[in-house]
Structure formats: C-alpha cells, structure tokens
Amino acid sequence: MKKQELKISFTEYETENELNAEEQQLLQKARSASDLAYAPYSNFHVGAALLLENGVIVSGNNQENVAYPSGLCAERVAIYAAGASYPDVKIKAIAVTCKSKQFHVSEPLSPCGACRQAISEYEMRYKSNIKMILAGETGKIRVIDSMADLLPFAFKAEELKKNR
Ligand code: THU
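Residues numbered from 1 in each chain as written. Predicted model: local features only at pLDDT ≥ 70, side-chain atom pairs only at ≥ 80, totals over all residues. Heavy atoms only, no water.

Regarding the site of the ligand
- All residues adjacent to the ligand are Ser42, Phe44, Val46, Asn62, Glu64, Cys73, Ala74, Glu75, Leu109, Pro111 and Cys112.
- Between the ligand and Glu64 there is a distance of 2.5 Å, counted from an oxygen atom to a side-chain nitrogen or oxygen.
- Contact distances for the ligand include 2.6 Å between an oxygen atom and a side-chain N or O atom of Glu75.
- About the coverage of the ligand: the protein hides 76% of its 380 Å² of free accessible area.
- Elements represented by at least two residues in the shell around the ligand include exactly strand E2 (44-52) and helix H2 (74-85).
- Partitioning the shell around the ligand into residue classes produces 7 nonpolar, 2 polar and 2 charged. (Near = heavy atom within 4 Å. Polar contact = N/O pair within 3.5 Å; in protein donor to acceptor, adjacent residues only side chain to side chain. Areas by Shrake-Rupley, 256 points an atom, 1.4 Å probe, with all protein chains shown as cover. Helix = DSSP H or I, 4+ residues; strand = E, 2+ residues; numbered from the N terminus. Nonpolar A, V, L, I, M, F, W, Y, C, P; charged D, E, K, R; others polar.)

Examining the packing of H2 against helix H3 (residues 113-126)
- At a minimum axis separation of 9 Å, H2 and H3 run at an interaxial angle of 20°. By the angle between their directions, the pair H2 and H3 is classed as roughly parallel. As for the relative orientation of H2 and H3, their crossing is left-handed in sense. In this structure, H2 contributes Glu75, Arg76, Ile79, Tyr80 and Gly83 to the contact, and H3 contributes Ala114, Cys115, Ala118, Ile119 and Tyr122.
- Here the residues of the contact of H2 with H3 sort into 7 nonpolar, 1 polar and 2 charged. (Axes fitted to C-alpha atoms, helices over the stretch in contact; angles between N-to-C directions. Parallel < 35°, antiparallel > 145°, perpendicular 65-115°, else oblique. Left-handed = near helix turned anticlockwise from the far one by under 90°. Contact = heavy atoms within 4.5 Å.)

Section: the pattern of salt bridges
- According to the stated counting rule, one finds 8 salt bridges in the structure shown.
- Note that Lys92 is salt-bridged to Glu22, the shortest N-O span being 3.7 Å. Separated by 70 residues along the polypeptide, Lys92 in strand E4 (residues 91-100) and Glu22 in helix H1 (residues 21-35) bring together distant segments of the chain.
- Of the charged contacts, one joins Asp35 and Lys99 as a salt bridge, the two residues approaching to 2.2 Å between their closest N and O atoms. Separated by 64 residues along the polypeptide, Asp35 in helix H1 and Lys99 in strand E4 bring together distant segments of the chain.
- Residue Asp35 is classed as partly exposed on the basis of its relative accessible area of 46%.
- With a relative accessible area of 28%, Lys99 lands in the partly exposed category.
- One salt-bridge network, in which partners are shared between bridges, spans Glu12, Glu107, Lys140 and Arg142. (Salt bridge = Lys/Arg side-chain N within 4 Å of Asp/Glu carboxyl O. Buried < 20%, exposed > 50% of the residue type's maximum accessible area, 1.4 Å probe, protein only.)

What follows is the structure in structure tokens.
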C-alpha cells in the first residue's frame, strides 16, 4: 500500500491589470459574452472566450432551458462553436467569468466537471495545453496552464483500446 499525492500549480493575480495584454483582452471578451447569456432560471450569467492559434477569438455564454438539463454551460457553447467553425485550429487559452443578478461574485469561477471533460478533449485532440483564465465579477484572477491540472486522471481515448 502506498499513499500518493497530487500537486497542482496555478497563478493568482490580485487584479486584472496584472494579466498580459492578450489575457486582459480575452477576459474582456468573456465579460462581454456573459452580458449576452440566456440564464432566466439561475440568473447566473457566465461568459467564455477562447483564443485560437490563428488569433481568432470565439465566445460563448450559458444557454438555459426550461427543461433544465437541456441547457449548456458557457464553456461548452464556446468550445463546440470553435470546434464546429475552426476544426484543427489549436485553442491556446480560455477566459471564463460570471456574474449573478442576485449577488456579487468576488471569487473566480470554477468550471463544472462536464466542461472540464469537454475542454480536456480539445487538449488531447490538438495535443496542446489550453490555458484557463478564471475570474469573478471582481477579486483575484486565477490562471492555470492546462486543463489537465484541473482534471487529474481524466478519461482518455487509450482506455478504449485493447492491450494498452
Ligand atoms: N454554468 C456555466 O455556464 N459554466 C460553469 O462552469 C458552471 C455553471 C452555468 C450553467 C447554468 O446555466 C448556470 O451557470 C447555473 O449553474
């Protein structure tokens, strides 16, 4: 028996101004996207903006549905839009932010498990890490170099193969 430990590293910035220009621009796009979210049931508005290797920014926001599970998170709306319009173009970074109509969000958003899995798929697809930039309405900004850090022991395609 051997007890194991996992360590992840991430960077926290006190303010948005400490991010580099590219990261700041991406976060601004995520904030604009959150303004356009369709979230009449939770009143929790999430925006995501992806920077592709060709310089294009693809945005998305949460789209809710009266049949609740039919809705989709901002991160997946954005990443599937990128996959649909720009197949084979690497995704360099994703900024995600949120705001509520009912309270103030002063902590960075923490992506849900399904979105972690979806983003992880694109890291594996393009064999390239995707930087996560996570923010609330105000407060510190959390930057993680790769989704793999947020989803240890991810389910991978190799597991579907025989004799791996
Ligand atoms: N939501 C996202 O868009 N991204 C996340 O990472 C967490 C949750 C959305 C789903 C739903 O529309 C609302 O936030 C409340 O859960």
